[in-house]
Amino acid sequence: MRTTVGIIGGGPSGLLLSLLLDRLGIDNQVLEHRSRAHVQRRVRAGQLDHASVAFLRQSGLAGRLDRLGLPQRGMNLRWRDQTRRIDLEALSGGHSCTVYGQSALTCDLTNTLAASGRSPVYGAEDIRLSDPESEPHIITYRKDGAEHRLECRFVAGCDGAHGPARRLVNGAGGGSSRRLPFSWVGVLSETPPVSPELTYAYHPRGFALWSMRSDTVSRTYLQCGPDDQTGNWSDDRFWSEMQRRLGPDVSFSPGKVTERLMVRMQGYVADRMQLGNVVLAGDAGHTVPPSAAKGLNLAIADIRALSESFRKLLFEGRQNALAEYAQKALKRAWAGQAFSWQMTDLLHAPPSGDPFENRLKLTRLDTLLASPEQLRLFCRDYTGAEAA
Ligand code: PHB
């Protein structure tokens, strides 16, 4: 098989890139080592910021998102057992977010590709990339017991944190990373949301987040130990801890838990997002702690810029278009990382339970919530207003 852009990874980044390249008339093929069902079930955060929604809409990919997405014009912040609604829309200059599960977006993109008779190669095992400078680039993989080769001019690594592209471009152990001393235990349940808008809570016992997928299904998270396991969290323990952290004036009656997961909190930014004819996008180039729900949004911003760079390179002969993409993507990744860490730090309790640190955190929250200037900046970052 031969193509112009070989795309590794059939998650939202790879699928979106494939669709955008198709529209530009740039030949491409997606390879995904998992099955289609696995990719669509993959559980991830579910909030799109203003810039992502605007781009998907402009690309004609927001039909179902506009019907089923849950607009977030504000958010609730709880601390010291009080709730304050932050008017995201007013404070950010008219921007808002939309709750829409990543798996729903993956489904939409897959269906749109399928409607034009295109499909990723699923179940492509043992994907190997050749030297980044090689022309053409040869990708080999195994499927149904047979060896296959894909010859391409460029490779787009949209294969996440653990795929081969990050390693090829940055070497094993390359890039900057840090792990936080806590994780999140997350639960998907048939429980109506406590509010139509997300609730983020700071409590000396730890952070809590109440998000949702519909008006009958909630996605909720609690800060827990760094190496904690879902098995340590019975339904009773989870919900009573949630009640303690949200405080007595938030009431809910927990429904059936349908899924449980652990989210390790870490950040990573690659040293490089391009080497020779190989470029990285999304989680392959950077991962952020989920506190500000920036991961998918950074990926969408990458893909938007990357498709434009392929256009400049292939139709306008701009030879350094991919290098320029990589520079800008790294800058955006660090900005996303900085905001994600700021929000993480703001809302997570010190694992040591140190009362001095706890007072510092509460004071920082008091200051943020009392300062219209700080709140405006916070809301612009959170809604992706700057990127729009
Ligand atoms: C989610 O709905 O899964 C979600 C929302 C907001 C976050 C993180 C996760 O900051």
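This text goes with the structure placed above it.
Worth saying up front: this structure is predicted, and the values here are computed from it rather than measured. Once a new chain begins, its residue numbering starts again from 1 and follows that chain's sequence as written. The model is predicted, so local features are restricted to residues of pLDDT at least 70 and side-chain atom pairs to those at 80 or more, both for listing and for counting; the totals for chains, interfaces and linings are taken over all residues. Note that water and hydrogens are dropped before the side-chain values are worked out from all heavy atoms of the structure.

Undergrad: Help me understand empty space enclosed by the protein in this model?
TA: Picture a little ball the size of a water molecule; that probe, rolled over the atoms, points out where space is still empty. The distinction between a cavity and a pocket rests on a 1 Å grid over the protein atoms alone: a 1.4 Å probe fits inside a cavity but cannot get out, while a pocket stays open yet meets protein on both sides within 12 Å along at least five of seven lines, and a residue with an atom within 4 Å of a point counts as lining. Grid points are joined across faces, edges and corners, and a volume is the space filled by probe spheres set on the points. Within the structure shown, the criterion is met by one cavity of 30 Å³ or more. Within this model, the largest cavity holds a volume of roughly 140 Å³. Considering the residues around the largest cavity, the lining is formed by 15 residues, among which Ala45, Gly46, Leu209, Ser211 and Ala293 are closest to the centre. Taken together, the elements giving at least two residues each to the lining of the largest cavity come down to β13 (208–212) and β14 (218–224). Class assignment for the residues of the lining of the largest cavity results in nine nonpolar, four polar and two charged. Numbering goes from the N terminus for both helices and strands, where a helix is a DSSP run of H or I of at least four residues and a strand is a run of E of at least two. Put simply, Ala, Val, Leu, Ile, Met, Phe, Trp, Tyr, Cys and Pro go in the nonpolar bin, Asp, Glu, Lys and Arg in the charged bin, and everything else, Gly too, in the polar bin.

Undergrad: Whenever I open this one, the packing of helix α10 (residues 321–347) against helix α11 (residues 355–370) confuses me. Can you help?
TA: Any two packed helices are characterised by how steeply their axes cross, that is the angle between the axes, and by the distance between the axes. In this analysis, axes come from line fits to C-alpha atoms, helices being fitted only over the stretch in contact, and the angle between any two N-to-C directions falls in the range 0 to 180 degrees. Interhelical geometry of α10 versus α11 gives an angle of 120° and a closest axis separation of 8 Å. With respect to each other, α10 and α11 are oriented oblique. Taking contact as the criterion, the partners of Asp345, Leu346 and Leu347 in α10 are, on α11, Lys361, Arg364, Leu365 and Leu368. Each angle receives one of four descriptions, namely roughly parallel if under 35 degrees, roughly antiparallel if over 145, roughly perpendicular if within 65 to 115, and oblique otherwise. By definition, residues are in contact when any of their heavy atoms lie within 4.5 Å.

Undergrad: When you look at the sheet that holds strand β6 (residues 82–86) in this model, what are you seeing that I'm missing?
TA: One key point about sheets: their strands pair by backbone hydrogen bonds, in either a parallel or an antiparallel sense. Two strands qualify as a pair provided that DSSP identifies no fewer than 2 bridges between them. One open sheet accounts for eight strands, arranged β6-β5-β12-β13-β14-β11-β15-β18; its pairing is mixed. Of all strands in the sheet, those with a lone pairing partner are β6 and β18 (286–287), marking the two edges. As defined by bridge partners, strand β11 (residues 176–189) adjoins strand β15 (residues 257–269) across eleven bridges and the pair is classed as antiparallel. Counted as the bridge partner of serine 189 is valine 257 from β15. Docked against the sheet, α11 engages β5 (75–79) and β6, running at close to 140° with respect to β5.

Undergrad: How should I be thinking about the packing of helix α9 (residues 295–316) against α10 in this particular structure?
TA: Interhelical geometry of α9 versus α10 gives an angle of 165° and a closest axis separation of 9 Å. When the axes of α9 and α10 are compared, the pair comes out roughly antiparallel. Handedness of the α9/α10 crossing: right-handed. On α10, the residues touching Leu298, Ala301, Asp302, Ala305, Leu306, Ser309, Phe310, Lys312 and Leu313 of α9 are Ala321, Leu322, Tyr325, Ala329, Arg332, Ala333 and Gly336. For the contact of α9 with α10, the per-class residue count stands at eleven nonpolar, two polar and three charged. By the definition used in this description, the sense in which the near helix is turned from the far one sets the handedness, with an anticlockwise turn below a right angle giving left-handed and a clockwise turn giving right-handed.

Undergrad: For this particular structure, what's the right way to read the pattern of salt bridges?
TA: Two side chains of opposite charge can pair, provided their charged atoms sit close to one another. One speaks of a salt bridge when a side-chain nitrogen belonging to Lys or Arg is within 4 Å of a carboxyl oxygen belonging to Asp or Glu. Taken as a whole and judged by the stated rule, the model has 27 salt bridges. Between arginine 80 and aspartate 366 there is a salt bridge, with the nearest N and O atoms lying 2.7 Å from each other. Of this pair, arginine 80 sits in the loop between β5 and β6 while aspartate 366 sits in helix α11; the two residues are 286 residues apart in sequence, bridging distant segments of the chain. Classification of arginine 80 by relative accessible area gives partly exposed; the value is 39%. In this structure, arginine 142 and glutamate 125 form a salt bridge, with 3.3 Å as the shortest nitrogen-oxygen distance. Taken as a pair, arginine 142 in strand β9 (residues 137–143) and glutamate 125 in strand β8 (residues 125–129) lie far apart in primary sequence, 17 residues in all. Relative accessible area decides the class of each residue, using a 1.4 Å probe on protein chains only: under 20% of the type maximum gives buried, over 50% gives exposed, and in between gives partly exposed.

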